[in-house]
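If you want the building blocks of each chain, they are given just below.
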Amino acid sequence: MASSATPITEVSARRRLAQRYREIRAYSLALAAPLSAEDQCIQSMPDASPTKWHLAHTSWFFEAVVLQPHGAGYVPFDDRFSLLFNSYYESLGPRHPRPLRGLLTRPSLAEVHAFREHVDGAVRSFIEGTEASVWQDAAPLLELGLHHEQQHQELIVTDILHALSCNPLLPAYRAADQGRPRRPSAAASPLRWLAIPGGVKTVGHDDAGFAFDNEMPRHQVLLPPFLIADRLVSCGEYASFIADGGYRRPELWLSDGWATVQEQAWGAPAYWLAPGDARAPSEQWQAFGVHGVQPLDAAAPVAQLSFYEAAAYAEWAGARLPTEFEWEVAHGVPGIGQMSGEVWQWTRSSYQPYPGFRPLSGAVGEYNGKFMVGQQVLRGGSCATPKGHSRASYRNFFPPAARWQFSGLRLARDAPP
């Protein structure tokens, strides 16, 4: 344990962090539990990673960022694992190519679990026994590692869902919740427009609790008055867009979006099955999700949309997507709903640094800053986002054609003069 001279507040902080570490690490294994060893090795596209790789990479992060630099006498589980499970940290050495992670049949799943146990034991000892002077530098990195693992927990779900969607049998990731009847398809509640006054607004993280570096510094922006929808766009509404020829009308699409529609032959969100689809015959639209193929729920938020599709729908609806700052300012206003826990929400904002942004020092400085080009910001959080992980200032980001995530949209409009 830490010495008797360690302040009580620090002892409490260590205990809380140790408890959170146990819970978050256990949740990763729980997410993988419904999957076979074969499931956990598959990689269905370059943007996705095998479940086994996620389990190993998150362990490597604690090893490479916390234990090796700060843990006196720590012995790595296997020196070769750095090559296999480093993601994109140039300063931490070479990496196995991302598109080829599905070829890593070895180490086995059992060895990856042993790696996790090795790291977990070392982290527990580190939290309990490291000197106070070392703890001050290492505790923020441990906290970062836990939020990093929560990001990968969401990716475990979204990546395996994409892999299973490529299987002709369309198998479910997990069985539907027992004792919870599925709500019937119905129309969503009428959409209401909420008026948000313009002016100088303060955005960014408020220094209360954890945040990634890309959420800072807190700063001011000037916003004109605007209107924002009180809820997300529903599947039923998006089906009307499809029925009105939305995927066949180039005037609705950004140029790159229309080119992508033609190249990829898009005609619906990624996991929708049209009536008569031979993989799961039905006279109605269906959707593939974590519980397998289900009738399309007209009231549910539409998901698995690219930015291009979200922008095209907004154009069709006579509206637009909100900027990320409009979204953040609207967060928590009376009457607004579905801001998190359903789908990530595309915004019209490109992913850029805030004024005065400075990446973290050391290897973790590569975490966010170097990706600030060619991507769009999403806000909120999805049904796959671990509870407590998201917040109003959270900035997710993906390329505009990405649609294997639980990503949807909320409409906005300029306020009338």
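Relevant structure appears above.
Residues numbered from 1 in each chain as written. Predicted model: local features only at pLDDT ≥ 70, side-chain atom pairs only at ≥ 80, totals over all residues. Heavy atoms only, no water.

**Considering the nonpolar core**
Operational definition: To qualify as a nonpolar core, a set must consist of buried Ala, Val, Leu, Ile, Met, Phe, Trp, Tyr and Cys residues joined through side-chain atoms within 4.5 Å. The classification of residues rests on relative accessible area computed with a 1.4 Å probe and restricted to protein chains. Under 20% of the type maximum is buried, over 50% is exposed, and intermediate values are partly exposed. Elements are defined by DSSP. Helices are runs of H or I of four residues or more, strands are runs of E of two residues or more, and each kind is numbered from the N terminus. When checking whether two residues touch, look at their non-hydrogen atoms; a contact exists if any pair is within 4.5 Å.
Core analysis: the biggest nonpolar cluster contains 98 residues, and Phe-85, Leu-142, Tyr-238, Phe-241, Trp-272 and Leu-409 have the highest contact counts within it. It is helix H5 (residues 132–165) that provides the largest number of residues to this core, a total of 13 residues. The residues touching Phe-241, leaving out its near neighbours within four places in the chain, are Gly-246, Tyr-247, Leu-252, Trp-253, Ala-312, Tyr-313 and Trp-316.

**Topic: the pattern of salt bridges**
What counts here: Here a salt bridge means any side-chain nitrogen of Lys or Arg lying within 4 Å of a carboxyl oxygen belonging to Asp or Glu.
By the definition in use, this model includes 19 salt bridges. A salt bridge links Arg-192 to Asp-230, with the shortest nitrogen-to-oxygen separation between them at 3.5 Å. Of this pair, Arg-192 sits in the loop between H5 and strand S1 (193–196) while Asp-230 sits in the loop between strand S4 (226–229) and helix H6 (235–243), placing them 38 residues apart in sequence. The exposure class assigned to Arg-192 is partly exposed, which follows from its relative accessible area of 43%. In this structure, Asp-414 engages Arg-320 in a salt bridge whose closest nitrogen and oxygen atoms are separated by 3.0 Å. Taken together, the residues span a long stretch of sequence, with Asp-414 in strand S12 (residues 412–414) and Arg-320 in the loop between helix H8 (307–316) and helix H9 (324–330) at a distance of 94 residues. The exposure class assigned to Arg-320 is partly exposed, which follows from its relative accessible area of 22%. What emerges from the salt-bridge pattern is a single network uniting Arg-25, Arg-116, Asp-120 and Glu-149.

**Some details on empty space enclosed by the protein**
Stated formally: Detection works on a 1 Å grid of protein atoms alone, calling trapped sets that fit a 1.4 Å probe cavities and calling open sets with protein on both sides within 12 Å along at least five of seven lines pockets, with lining residues defined by an atom within 4 Å of a point. Grid points are joined across faces, edges and corners, and a volume is the space filled by probe spheres set on the points. Classification used: nonpolar for Ala, Val, Leu, Ile, Met, Phe, Trp, Tyr, Cys and Pro, charged for Asp, Glu, Lys and Arg, polar for all others including Gly.
For the coordinates displayed, the defined rule picks out 2 cavities of 30 Å³ or more. Considered as a void within the structure, the largest cavity measures approximately 50 Å³ in volume. No other element matches H5, which puts 4 residues into the lining of the largest cavity. The residue inventory of the lining of the largest cavity, partitioned by class, reads 5 nonpolar, 4 polar and 1 charged. Roughly 30 Å³ of volume is contained in the second largest cavity. Forming the boundary of the second largest cavity are Pro-50, Lys-52, Trp-53, Phe-85, Arg-101 and Leu-104.

**A look at the sheet that holds strand S9 (residues 376–380)**
Stated precisely, the cut-off is as follows: Two strands are counted as paired when DSSP detects at least two bridges linking them.
With respect to topology, 4 strands assemble into an open sheet ordered S10-S9-S8-S11, the strand pairing being mixed. Two strands bound the open sheet, and with one partner strand each, they are strand S10 (396–398) and strand S11 (407–408). The pairing of strand S8 (residues 344–350) with S9 spans 4 bridges and is classified as antiparallel. Looking at the pairing, Ser-350 lines up with Gln-376 of S9.

**A few points about the packing of helix H2 (residues 51–70) against helix H4 (residues 109–129)**
So the rule is basically this: Each axis is a line fitted through C-alpha atoms, taken for helices only over the stretch in contact, and angles between the N-to-C directions span 0 to 180 degrees. For any helix crossing, the convention is left-handed if the near helix is rotated counterclockwise from the far helix by under a right angle, and right-handed if that rotation is clockwise.
H4 packs onto H2 with a crossing angle of 30° between their chain directions and a minimal axis gap of 9 Å. Crossing of H2 against H4: the hand is left-handed. Here H2 contributes Lys-52, Leu-55, Ala-56, Thr-58, Ser-59, Trp-60, Phe-62, Glu-63, Val-66, Leu-67 and His-70 to the contact with H4, which in turn contributes Leu-109, Val-112, His-113, Phe-115, Arg-116, His-118, Val-119, Ala-122, Val-123 and Phe-126.

**Here's the deal with the pairing of S1**
Burial of the side chains of S1 is restricted to one face: Leu-194 and Ile-196 are buried, whereas none of Trp-193 and Ala-195 on the reverse face is. In this structure, S1 lies alongside S4, joined through 4 bridges in antiparallel fashion. Within S4, the position partnered with Ala-195 by the bridge is Leu-227.

**A look at the packing of H2 against H5**
Rule in force here: Throughout this description, any angle smaller than 35 degrees is read as roughly parallel, any larger than 145 degrees as roughly antiparallel, any in the 65 to 115 degree range as roughly perpendicular, and the remainder as oblique.
Packing of H2 against H5 brings their axes to within 9 Å, and their N-to-C directions diverge by 175°. Our classification of the angle between H2 and H5 gives roughly antiparallel.

**Brief notes about the side chain of Glu-149**
Definition in use: Pairing of N or O atoms within 3.5 Å defines a polar contact, subject to two protein rules: one partner must be a possible hydrogen donor and the other a possible acceptor, and residues neighboring in sequence count only if both atoms are side-chain atoms.
Take Glu-149: it is sitting in helix H5. One polar contact links Glu-149 to Ser-28, side chain to side chain, over a distance of 2.6 Å. In terms of polar contacts, Glu-149 uses its side chain to reach the side chain of Arg-116, at 3.0 Å. Apart from the residues within four sequence positions on either side, Glu-149 is in contact with Ile-24, Arg-25, Ser-28, Thr-58, Phe-62 and Arg-116.

**Some thoughts on the sheet that holds strand S5 (residues 272–273)**
Spatial ordering of the open sheet is given by S5-S6-S7, a layout of 3 strands whose pairing is antiparallel. Unpaired on one side and paired on the other, S5 and strand S7 (292–295) mark the two borders of the sheet. Relative to S7, strand S6 (residues 286–289) runs antiparallel, the two being bridged by 4 bridges. Looking across to S7, one finds that Ala-287 is bridged to Gln-294.

**Observations regarding the packing of aromatic side chains**
The relation between two aromatic rings is expressed through the spacing of the ring centres and the mutual angle of the planes. Using the following cut-off: Only centres within 6.5 Å qualify two rings of Phe, Tyr or Trp (six-membered ring in Trp) as a pair; their planes then separate them into stacked at under 30 degrees, edge-to-face at over 60, and tilted for everything else. The criterion is that NZ of a Lys, or CZ of an Arg, lies within 6 Å of the ring centre and within 35 degrees of the ring normal, and then a charge sits over that ring.
Scanning the model with the defined rule gives 31 aromatic pairs in all. Aromatic pair Tyr-313 and Trp-316: ring centres 5.3 Å apart, planes at 50°, arrangement tilted. A residue pair is termed a helical-turn pair when its members lie 3 or 4 positions apart in one helix, as Tyr-313 and Trp-316 do in helix H8 at 3 residues. Residue Tyr-313 is classed as buried on the basis of its relative accessible area, which comes to 4%. Under the relative-accessibility criterion, Trp-316 is labelled partly exposed at 26%. Ring centres of Phe-325 and Tyr-354 lie 5.8 Å apart, and the angle between their planes is 45°; this geometry places the pair in the tilted category. Of this pair, Phe-325 sits in helix H9 while Tyr-354 sits in the loop between S8 and S9, placing them 29 residues apart in sequence. For the pair Phe-325 and Tyr-354, a shared accessibility class is recorded, and that class is buried. Put simply, the rings of Trp-60, Phe-61, Tyr-88, Tyr-89, Phe-210, Phe-212, Trp-344, Tyr-351, Tyr-367, Phe-371, Tyr-394 and Phe-397 touch in pairs and so form one group of aromatic residues. Between Arg-14 and the ring centre of Trp-135, over which it is positioned, the NZ or CZ distance is 4.6 Å. Looking at Arg-101, its charged tip hangs above the ring of Trp-53, at a distance of 3.6 Å from the centre.

Scope: geometric values only; no functional claims are made or implied.
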